[in-house]
Amino acid sequence: MKIVVIGGTGLIGSKLVTKLAQQGDEAVAASPKSGVNAVTGEGLAGALAGADVVVDVANAPSWEPAAVLEFFERSSTNLVAAEAAAGVKHHVALSIVGTDRSPDIAYFRAKLAQETIVKASPIPYSIVRATQFFEFLGAIGEAAAVGGNIVVPSALFQPIAADDVVDCLAEIATGRPVSGTIDIAGPEKAPFNEFVTRRLKASGDSRPVVGDRSAQYYGAPINDTSLNPLGEARLGKTPLATWLATK
């Protein structure tokens, strides 16, 4: 099976290409680095020639509201058109749990626009919505520094290891389209500040982490339901302690 991974050189994409190749599939890493730009359409036709599946895990270079919306709208529109021309049989998109519940977060609005384009296209699809990755806990904490403290929301959080996201994407990509959305999350749920505290402590950062109900997440208020699956979800196998032990 030929599977083209859009954003194939990023955190998730590079791991997914390796995983698919290990399974015996022909995995193609497509990104601007390889001459494939979904936003402009450059290189898409060549990359998708003969492809059975396209997995879109690309990330926007700018999270400014207008820029991130344009990125996902243009790239998704170009992708589904190129897939239709190439006879692609399955489009898999990586999205975010809660995109439809947090309209104040610009990135979430852009991902919801992406999902809408995918659903409206003639290509059979599967949308995988994931919670935040363990890999970004440190950066989230750093961005929340206020004086000598780290101030983050106290709402419930259920982050997941990138490797678990990749395992799910590989399974979905090599299976039949679900024509719907699958939520995936980590195996543990706890207040946001507890996860950030454990991540910083493991890296030797002793700054106090303060959980504040009014603290914002990417410029928007959140609650216990904002970032977590509300219904059925697939859970990753990796707890934070196991992941931290490898860092």
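Residues numbered from 1 in each chain as written. Predicted model: local features only at pLDDT ≥ 70, side-chain atom pairs only at ≥ 80, totals over all residues. Heavy atoms only, no water.

Asks: So what's going on with the sheet that holds strand 7 (residues 149–153)? Which residues, and what values?
Replies: Taken in spatial order, the three strands make up an open sheet running 6-7-11, and their pairing is mixed. Each edge of the sheet is formed by a strand with only one pairing partner; in this case those strands are strand 6 (145–146) and strand 11 (209–212). Where strand 6 meets strand 7, two bridges bridge the pair, whose relative direction is antiparallel. Bridging from a neighbouring strand, Val146 pairs with Asn149 of strand 7. The strands touched by helix 7 (residues 192–202) are strand 7 and strand 11; relative to strand 7, the strand with the most contacts, the crossing angle is about 145°. (Pairing = 2+ DSSP bridges. Helix = DSSP H or I, 4+ residues; strand = E, 2+ residues; numbered from the N terminus. Contact = heavy atoms within 4.5 Å. Axes fitted to C-alpha atoms, helices over the stretch in contact; angles between N-to-C directions.)

Asks: Kindly report on the pattern of salt bridges, identifying the contributing residues and their values.
Replies: Taken as a whole and assessed by the stated rule, the structure comprises ten salt bridges. For Lys89, the salt bridge goes to Asp52, with nearest N and O atoms at 3.4 Å. With Lys89 in the loop between helix 3 (65–86) and strand 4 (90–96) and Asp52 in the loop between helix 2 (44–48) and strand 3 (53–56), the pair connects residues that are 37 residues apart, well separated along the chain. For Lys89, a relative accessible area of 52% translates into the label exposed. (Salt bridge = Lys/Arg side-chain N within 4 Å of Asp/Glu carboxyl O. Buried < 20%, exposed > 50% of the residue type's maximum accessible area, 1.4 Å probe, protein only.)

Asks: Help me get a handle on the nonpolar core, residues and values and all.
Replies: Judged by nonpolar contacts, the single largest core of 46 residues is most densely connected at Ile6, Leu48, Phe192 and Tyr217. Of all the secondary-structure elements, those providing two or more residues to this core are strand 1 (2–6), helix 2, helix 3, helix 4 (106–120), helix 5 (137–143), strand 7, helix 7 and helix 8 (240–244). Per-element accounting of this core gives the leading share, five residues, to helix 3. Sequence-distant contacts of Leu48, that is, excluding residues within four places in its chain, are made with Val4, Val54, Leu79, Ala82, Glu83, Ala86 and Val88. In this structure, Val17, Leu20, Val55 and Val166 belong to the second largest nonpolar core, which totals 25 residues. (Core = buried A, V, L, I, M, F, W, Y, C linked by side-chain atoms within 4.5 Å.)

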